[in-house]
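Working through the structure, step by step
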Amino acid sequence: MLDAVSFVIGGQQEGAQQQGFETRWRRTVEGRQIQYESIRQNTGFGEANDPHRESRHVKIDVNISSPQKCIFKTVVMTAYSKGTSKESFYAPSNETSTFDFNKVQRFDLEEGNHPSVVIEGKGWLCKEGTCQDKTTMGISASRQDDLIRAIESKRRAIDFIKKACPGTRR
């Protein structure tokens, strides 16, 4: 269940390499939580206005756990590299989010020119003390074949989550 939620919400999947990332997602299980880690290029590298302009790489760690049935907590840690190093990073900043699928009223995959996952429900997603009722997450891939596979994978993950966490009336 943690893998399905992580995949639908953030695109993390063991061994997958997201667009713009240099490394594949590495997955580790620690007790009742899963951690995904990957490194991407810092798009602001060298730009005068970017506070992290000296850092060529960004390490992303996503920890996901489920403190209660159908409630998921993610902690996304972002660490910038010391210069061009891929091994040495500054202390990470954290962003914590809570996803309450018990409050979800609509959970769909919309296809078309810009395929996306849409989730709606009163205060279903809370970040840093602020909650929102609707979230739309785009689905993209570099090739059409990959996009078709990504849409199908998301559809299966959504169906799995819906069965385990039916939410409120849909």
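First things first, this report covers the structure right here in the doc. Model, not experiment: these values are computed from the prediction.

**Digging into the nonpolar core**
With 34 residues, the main nonpolar core has Phe101, Phe107, Val117 and Ile119 as its most contacted residues. Of all the elements in the fold, those that place two or more residues in this core are helix 1 (2-10), strand 2 (33-41), strand 3 (57-68), strand 4 (71-80), strand 6 (106-110), strand 7 (116-127) and helix 2 (144-164). If one sorts the elements of this core by residue count, helix 2 sits on top with six residues. Apart from the residues within four sequence positions on either side, Phe101 is in contact with Val5, Ile9, Cys70, Phe72, Phe107, Ile119, Trp124, Ile161, Cys165 and Gly167.

**What to know about the layout of surface pockets**
If you roll a probe as big as a water molecule over the atoms, it shows you where there is empty space left. Roughly 610 Å³ of volume is contained in the largest pocket. In terms of lining, the largest pocket is formed by 23 residues, of which the most central are Gln17, Gln18, Ser140, Ala141 and Ala150. Mapped by element, the contributors of at least two residues to the lining of the largest pocket are helix 1, strand 8 (130-138) and helix 2. At five residues, the largest contribution of residues to the lining of the largest pocket is made by helix 2. Residue composition of the lining of the largest pocket, grouped by class: eight nonpolar, eleven polar and four charged. Taken as a whole, the second largest pocket holds about 430 Å³ of empty space. Contributions of two or more residues to the lining of the second largest pocket are made by helix 1, strand 3, strand 4, strand 5 (93-100), strand 7 and strand 8. Take the lining of the second largest pocket: its biggest share by element is four residues, from helix 1. Here the lining of the second largest pocket is built from residues that sort into eleven nonpolar, eight polar and three charged.

**Some thoughts on helix 1**
Among all positions in helix 1, only Leu2, Ala4, Val5, Ser6, Phe7 and Val8 are buried. Positive backbone phi, approximately 85 degrees, marks Gly11, located one or two places after helix 1.

**Examining the pairing of strand 2**
Both strand 1 (residues 26-30) and strand 2 contribute to a ladder of five bridges, which runs antiparallel. Residue pairing in the sheet places Arg26 in a bridge with Glu37 of strand 2. With antiparallel pairing between neighbouring strands as the criterion, strand 1 and strand 2 make up a hairpin whose turn holds two residues, including Gly31 at a positive phi of roughly 60 degrees.

**Quick notes on the state of the cysteines**
Under the defined criterion, the tally for this structure stands at two disulfides. Taken N- to C-terminal, the disulfide-bonded cysteines of the protein chain are connected 1-4, 2-3.

Here is what the cut-offs are and how they apply
- Residues numbered from 1 in each chain as written.
- Predicted model: local features only at pLDDT ≥ 70, side-chain atom pairs only at ≥ 80, totals over all residues.
- Heavy atoms only, no water.
- Core = buried A, V, L, I, M, F, W, Y, C linked by side-chain atoms within 4.5 Å.
- Buried < 20%, exposed > 50% of the residue type's maximum accessible area, 1.4 Å probe, protein only.
- Helix = DSSP H or I, 4+ residues; strand = E, 2+ residues; numbered from the N terminus.
- Contact = heavy atoms within 4.5 Å.
- 1 Å grid on protein atoms, 1.4 Å probe; cavity = no way out; pocket = protein on both sides within 12 Å on 5 of 7 lines; lining within 4 Å.
- Points joined across faces, edges and corners; volume = space filled by probe spheres on them.
- Nonpolar A, V, L, I, M, F, W, Y, C, P; charged D, E, K, R; others polar.
- Pairing = 2+ DSSP bridges.
- Disulfide = S-S within 2.5 Å.

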